[in-house]
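# Observations on the model geometry
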Protein chains: 4
Amino acid sequence: MPDDFDFSVPSLGEPNIQSPIKMSTVKGDSIANYVSDSERILFEIDAAAGDTRGPFKTEELLERAGPREKVYFNPAHVHAAVVTCGGLCPGLNNVVRAIVRCLWYSYGIKRITGIKNGYRGFLSESNFSTLELDPEYVDDIQARGGTVLGSARGGGDRVGEIADAIERLNINMLFTIGGDGTQRGALEIAEELERRALRVSVIGIPKTIDNDLSFIQRSFGFETAVEKAVDVVRGAHVEAHDTINGIGLVKVMGRESGFIAAYAALAMSDVNFCLIPESPFDLDGPNGLFESLRKRLLDRNHAVILVAEGAGQELVSETGETDLSGNKRLADIGVFLKEKIKAYFISIDMEVNIKYIDPSYIIRSSPANPNDSIYCSRLGAHAVHAAMAGKTKTLMSMVNNTFVHLPMRVAVSKRKHVNTEGSLWRDVVENTRQPVNMCDKGEKAHEKGMKQEGKK
Amino acid sequence: MPDDFDFSVPSLGEPNIQSPIKMSTVKGDSIANYVSDSERILFEIDAAAGDTRGPFKTEELLERAGPREKVYFNPAHVHAAVVTCGGLCPGLNNVVRAIVRCLWYSYGIKRITGIKNGYRGFLSESNFSTLELDPEYVDDIQARGGTVLGSARGGGDRVGEIADAIERLNINMLFTIGGDGTQRGALEIAEELERRALRVSVIGIPKTIDNDLSFIQRSFGFETAVEKAVDVVRGAHVEAHDTINGIGLVKVMGRESGFIAAYAALAMSDVNFCLIPESPFDLDGPNGLFESLRKRLLDRNHAVILVAEGAGQELVSETGETDLSGNKRLADIGVFLKEKIKAYFISIDMEVNIKYIDPSYIIRSSPANPNDSIYCSRLGAHAVHAAMAGKTKTLMSMVNNTFVHLPMRVAVSKRKHVNTEGSLWRDVVENTRQPVNMCDKGEKAHEKGMKQEGKK
Amino acid sequence: MPDDFDFSVPSLGEPNIQSPIKMSTVKGDSIANYVSDSERILFEIDAAAGDTRGPFKTEELLERAGPREKVYFNPAHVHAAVVTCGGLCPGLNNVVRAIVRCLWYSYGIKRITGIKNGYRGFLSESNFSTLELDPEYVDDIQARGGTVLGSARGGGDRVGEIADAIERLNINMLFTIGGDGTQRGALEIAEELERRALRVSVIGIPKTIDNDLSFIQRSFGFETAVEKAVDVVRGAHVEAHDTINGIGLVKVMGRESGFIAAYAALAMSDVNFCLIPESPFDLDGPNGLFESLRKRLLDRNHAVILVAEGAGQELVSETGETDLSGNKRLADIGVFLKEKIKAYFISIDMEVNIKYIDPSYIIRSSPANPNDSIYCSRLGAHAVHAAMAGKTKTLMSMVNNTFVHLPMRVAVSKRKHVNTEGSLWRDVVENTRQPVNMCDKGEKAHEKGMKQEGKK
Amino acid sequence: MPDDFDFSVPSLGEPNIQSPIKMSTVKGDSIANYVSDSERILFEIDAAAGDTRGPFKTEELLERAGPREKVYFNPAHVHAAVVTCGGLCPGLNNVVRAIVRCLWYSYGIKRITGIKNGYRGFLSESNFSTLELDPEYVDDIQARGGTVLGSARGGGDRVGEIADAIERLNINMLFTIGGDGTQRGALEIAEELERRALRVSVIGIPKTIDNDLSFIQRSFGFETAVEKAVDVVRGAHVEAHDTINGIGLVKVMGRESGFIAAYAALAMSDVNFCLIPESPFDLDGPNGLFESLRKRLLDRNHAVILVAEGAGQELVSETGETDLSGNKRLADIGVFLKEKIKAYFISIDMEVNIKYIDPSYIIRSSPANPNDSIYCSRLGAHAVHAAMAGKTKTLMSMVNNTFVHLPMRVAVSKRKHVNTEGSLWRDVVENTRQPVNMCDKGEKAHEKGMKQEGKK
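Computed from a predicted model, the values in this text were never measured in an experiment.

When the UniProt feature table is mapped onto this chain, "binding site: substrate" (unreviewed entry) is found at Thr 208, Ile 209, Asp 210, Met 253, Gly 254, Arg 255, Glu 309, Tyr 361, Ile 362, Ile 363 and Arg 364 of chain A. Within the fold, Ile 209 of chain A resides in the loop between strand 10 (201–206) and helix 4 (222–241). We classify Ile 209 of chain A as buried; it has 28 C-beta atoms within 10 Å. Contact partners of Ile 209 of chain A, with chain neighbours within four places excluded, come to Cys 89, Gly 221, Phe 222, Ala 225, Met 253 and Arg 364 of chain A. Among the secondary structure elements, Ile 362 of chain A is positioned in helix 8 (residues 360–364). Ignoring any residue separated from it by four or fewer positions in sequence, one finds Ile 362 of chain A in contact with Lys 228 of chain A together with Val 232, Gly 235, Ile 357 and Pro 359 of chain D.

Shown next as structure tokens:
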């Protein structure tokens, strides 16, 4: 962690209105307490005997989230808006629902607008109607996947127009649920609104099914994604196992970080090769995929390969394209591997039966499982508390199992990667029993600069 | 946390055999590394600006778990045994399987014995055969709930006989999977073996479906239990909602701590009253259950009550009995509430339709969900690494999302409770919108001494 | 089957309005055809070589359901109502949804009223509002169990008041979803409406989670109920298997017929004793439950008992009570067996661990599984077609895998039972390997008069 | 149904050994009865008033399956073998397990051999070992999908070598679990064995996930396949619904018959276009897919297309290839449609977001759901009863909800199709509200000769 981290949370101003939520200010009365801005936690938990830490500066510590005794907004004046951006992810509806319920029931806020189809819903050309949200509308939405608001990529760069729409709609509280692109957009929108001297709280709820955002221990929907991936891997294992030299090949999400693949590989020990962006691999050579696969088949007659979509990009030719969110379009490593493996085994005249599964849309569109539901439910409520307290340009995050406020500025630019020297990847390699290094040429560490392992 | 905590991990002696696991000792080569005893983490993450921490004494810090470069046991000489004790819990088979697979594949240990039906399997009177465990035997056991070893309460106090059996069987590595009673037994067994100068590593994997052990962030099977409880609550909600003044009443596990009930209440917002041991409640009086329930029915025509088995024990007469594990037998709060609520509404001549569900055995016997499977898989492997390194009288634990070694001595005597002034319970109260204090008489804090909230 | 069966379907009059549904009247053009009243099927499929059947009278044959070319009602004049009665059952919402969608989309009917909480919703004293139903309202209701209309027992005997309400609301099409009591009520209501010269089509969709209605091959929700019961039996098996002399005891629905228990016993071979109302059993004696259980435990150390709620009622004392639907309240055979078995093994000084599970409310409140959803979807649409064609006093049924119209008169008085000499029970006895006759005294056939085995 | 059907069941000879299964021969004693060869049922249930049927010839009626009082084989002399062929299908393991359990427990047969990887397991070149099967081996296999025996395509034409292997292994009872190719092979093998004067009972259990075999009401695994398809369709609906002009495109199995697609379309009303082989469609033209899709998007902004793999083959160029089972390799209609639809909407400059899902391997490898498990369990046992009674060249089938013996000869050559003029397809068209005829040019019926609708 660089020394220059600054976890100070931007604010619209001094909150001085008594919160309508009834809680205790007394410790020891067995009644739930308000949280104060001074309650903070450490980010870094590693320590060695003899070490000294501190004296801590305020900005080195992370601010606990939760309901404040004093709020910035008068609930009667609040017009809140919620927008969901980018691809689908399990839990979107749970977060939307939690925001609406907390606004409505805890703060008595009745003007809640859903913006349709991401940032594009703000653009007048899109001509989408908005949704009036209330507890009845969101009552059972968590039972289905996706987002009732609709979601789409793009539009986040048209900051002026979005600010115009916010101004026109008299929105003073905006919840942006989306990935790093979305939150970068949110930051720019908030800054534009500041320039216009509008008092709008912009609170982001980070959404990344890949769980690859820095300073964010757990992104909602990730556990559900892993769970669904495990089911599919099970099927691939069955397909591979129950025929002659069967190879099950499954591609899962993971553009730049292989967390879904790594966790899914640990659930059942069905995976024999887990391929992630952080750990380059060769196809040829003595530790390459082909030879390792050949040995595995000779030994056990079946094999399962789990590949993250961003793995092995150095092997396939660049597409050079980007999607509407500006993400580089990846070449399809799954189809690539299927063809290459097939060709390899034809070339050595060995019968194999390869079954390729790409469950991405199935995973993305699943409803959140109960544990993600719980997490989303708390995340959404904490976002509302943050907005009511006047925080802005802030993401809701969990760090060291604690809900915290994370300034957008520090989070949007850094990615979390699987640390190939850490505990998670070690456990994966042990479990799959794949070669510790499948990249012969790459005896030197590869250059992708992954520093920080996801905590879990 | 008292100052006198001592996290030093007992050991059988100096490990000086090269581990058969091939890993790296170099940081920066992108290859998974061994873990050293000096890699430690903080327990306490709360901090305030201006605070100073340290210099840390070794015993104040928690030792990271993981494979060591040097091991204590020669794999060729190891005879490992595994025992599962107490009631069923999702994930038992996953842990057993992970232990067997790690012993076999990572260390090449082929003598692995399963003890049947808990500690009673060691007693000669029981006359149970033992099981020879290998990867084939455990291949698919995680797909079913329960434990292939069988489990039973009791026997843990017959320390001498158990030590005799361990000696007779030449076991030098014992994995005890069980609750606090089991681990107290394990500690006594380990001490008896020490007195006999036997070099036996005793490693505990804490099992508590209630998630109520101190210093243990997450006990395996807990998330699955919550997930199953959520399903049942959903059914109770439907039963309550879809008739005239329906009341769904669900009892879940939670003898002394209400974590399952608290988390389950957060998943769907179906729960209107969450009753846990840590937060006493009255039946009568203006904030008591009856009046609150009456108001809720008048307002919304249905209500769901989720009660932990240990809640409201002060309301029901003591049974005075204990089970074979020495746990006090609780009076059945579920049946008690069902009868009392029924009688109350008859007394005020109001029609209600109460549906009582006790899903305990359904929950306990479930297979672990994928996320628990992943956790169990890592937990079991880390237990093996600890044993191989010569650790003993040690529990495997997760603290601040890190696998650590926890001396049995500090863990077995303390329980984790839901902190009624903390974040979890605050979120529950907000979500259920139940009275913050349902105990009129109890304006003073009740005396159960719950200090430490579960981290999650 | 008695010879005097008469399957003629009552009708409000001649349909002579062209259906708004566009279908073909030509066979062979590959386009879906209307169904005519003359398309009929046989009920009885058993036949022996040399037999002759026919010439068939019209009333001996069952009329195929489906859309007619000519309808009785002008869609513009229709006001349809839907009511759900009695206990919950998986699929209620699917049937309601299918009725609403077929009325709306296929016939263009826009006045659709949901009656709340069963027949009691018609009574002015109840003071329940009605629901306006449209495709948006029912859009996702099938994702949850229960019924959005609410359901309750009772009220069906107040025929005059219900007819008053129907008259007052100008309803001319009533869909009654409920069990035999509900349909008896529906028949009386229809007759009362006839006496008042009101042209109201009354169409029943039989609901019996026990699958115990005569002439009805499959009742909706039954397969889901079996599926859920199988899950619970699996848990009971794990609880029984994984301890010392474990006994899993599961009670499922089945007041007078043991279909759920019988089918559930066949899924996994986990059940060792399947106890149903149709097959009496003794507790004592050489083939009685106690001795059979003792032998099983000596042989295999665990046992699973699956008991239908109506089984063994001759063993327990009558409660003498009835519920609001007029059903005799059964004594609780599950709790009775648990206590008796416990006492028996104490008396012979043999350790057993008995785990009792009553999953009834969990099963009832489940959403329909996909196959039941498909069935409900078709059932509801066929009910609408029947009503539009002017049929009345008619139930929707499936016979020999064909949707048919079944006059209420022939169906409401007879129950379907498990034929203890037929294929289903034979397979159960083979699978459980329980004694073919567990009733020593009862060498003579018991007198419950079960004639007709469920077809499946 | 042609008049010349002959349902006579081939037999190895007169059974004259008393069955070891204890059942009753007396009707009316409430004890399960043996089945006799004279118990028969009708195939055809359609009837019109005035019709006469019969006198029935024996061969016109279907023989009920079930345990016979007299068996042909002395259990002590039986060596049974089981083989699973072709692609995976839910329920394979359940059928294998049921066969093994019935042989072992009901008849006391202890020599049961599993042949590996389909017919190729008989070929000496394959060099696969065989498996010894017993109840312990098959204990929990139904919990996983696939087949423990392994399965593969091909080999079935090498009749002489297979007969040699059967002779060499002294097998006198062969259970062939597979599709029409497999059963054609089984018939030829049985005939070759007859020529060699070997007394081998060959009993087929038809496996077709597409449910497309004639005279077979329900093929095992089909309901599970539908259930899994419904899940995926739900996901596709969410993906389509929750974005701008989303199109969810799902391809499911169904080479020549669209039953999976048709049933899956009925579960949730999520499907807007159900495309099956039996109902040709155009891409262009006023009722073609493109224009229909365009209208749907303008109206509702999202659409779901469910396409059976064999649909629209006339639109794509033939591949000209066949697989090892001799099935014609189909061009991939899913990928074809995805590309064509994308191109079409680009050509008319309309933004759409198309998400294509191919869940085939996920569906095939699933474990059977409880209702399929029950069916498989009964199917396997009935196959054993047939073999023990000396039946041969016979398939196990269900007709009119009754387990029957079906001579292989009549079944293997005919396929069941969705009758586009019948009840199932009518319900699909009503539900999807797709044009009743999407094929403008094809006003005349298309020539695929689909005669018989699946009964369900």
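Let's pick the thread back up.
Moving on, we get to the interface of chain C and chain D. Listed per partner, the contact involves 69 residues of chain C and 70 residues of chain D. Note that strand 3 (residues 46–47) of chain C and strand 2 (residues 40–41) of chain D share two bridges and pair antiparallel. Looking at the pairing, Ala 47 of chain C lines up with Arg 40 of chain D of strand 2 of chain D.

Let us now look at the sheet that holds strand 7 (residues 112–115) of chain D. Spatially, the 10 strands line up as an open sheet ordered 3(C)-2(D)-4(D)-16(D)-15(D)-10(D)-9(D)-6(D)-7(D)-8(D), and their pairing is mixed. For this open sheet the edge positions go to strand 3 of chain C together with strand 8 (131–132) of chain D, each flanked by a neighbour on one side alone. Pairing geometry for strand 6 (residues 80–84) of chain D and strand 9 (residues 173–178) of chain D, over five bridges, is parallel. Following the sheet pairing, Ala 80 of chain D is matched in strand 9 of chain D by Met 173 of chain D. The strands that helix 3 (residues 180–195) of chain D touches are strand 9, strand 10 (201–206) and strand 15 (394–399) of chain D; relative to strand 10 of chain D, the one it contacts most, it runs at about 175 degrees.

Residue and element names in this part refer to chain A. Split into domains, chain A comes out as domain 1 (17–43 + 58–219 + 368–399) and domain 2 (222–365 + 418–439). Here the C-alpha centre of domain 2 lies 36 Å away from the C-alpha centre of domain 1. Contact with domain 1, which involves 21 residues of that partner, is made by 18 residues of domain 2.

Superposing chain B onto chain A takes a rotation of 180 degrees combined with a translation of 0.0 Å along the rotation axis, leaving an RMSD of 0.0 Å. The two molecules are tied by a two-fold rotation axis, judged by turn and shift.

For helix 5 (residues 259–268) of chain D, the buried fraction is high: 10 of the 10 residues fall into the buried class. The set of residues buried in helix 5 of chain D consists of Phe 259, Ile 260, Ala 261, Ala 262, Tyr 263, Ala 264, Ala 265, Leu 266, Ala 267 and Met 268 of chain D. Taken together, the buried residues of helix 5 of chain D touch helix 9 (370–388) of chain C together with helix 4 (222–241), strand 11 (246–252), strand 12 (273–275), strand 13 (302–308) and helix 11 (423–432) of chain D. Once helix 5 of chain D finishes, Ser 269 of chain D follows within two positions and takes phi at roughly 60 degrees, a positive value.

Turning to the relation of the copies chain C and chain D, a few remarks are in order. At an RMSD of 0.0 Å, chain C and chain D line up after a rotation of 180 degrees and a shift of 0.0 Å along the axis. A shared binding surface is used by both copies, with 100% of the interface residues of chain C retained as interface residues in chain D.

This next bit is on the interface of chain B and chain A. Counting residues at the interface gives 69 residues for chain B, matched by 69 residues for chain A. Residue assignment for the side of chain B that touches chain A shows that the elements contributing at least two residues are strand 2 (40–41), strand 3 (46–47), helix 1 (92–107), helix 4 (222–241), helix 5 (259–268), helix 9 (370–388) and helix 11 (423–432) of chain B. Partitioned by chemical class, the residues of the side of chain B that touches chain A number 26 nonpolar, 24 polar and 19 charged.

Conventions used here
Residues numbered from 1 in each chain as written. Chains lettered and ligands numbered in written order. Predicted model: local features only at pLDDT ≥ 70, side-chain atom pairs only at ≥ 80, totals over all residues. UniProt positions renumbered as here; feature names shortened; annotations may be inferred. Helix = DSSP H or I, 4+ residues; strand = E, 2+ residues; numbered from the N terminus. Buried ≥ 20, exposed ≤ 12 C-beta atoms within 10 Å, placed from the backbone. Contact = placed C-beta atoms within 7 Å. Pairing = 2+ DSSP bridges. Axes fitted to C-alpha atoms, helices over the stretch in contact; angles between N-to-C directions. Domains from an automatic or database assignment. Least-squares fit on C-alpha atoms with pLDDT ≥ 70 in both. Nonpolar A, V, L, I, M, F, W, Y, C, P; charged D, E, K, R; others polar.

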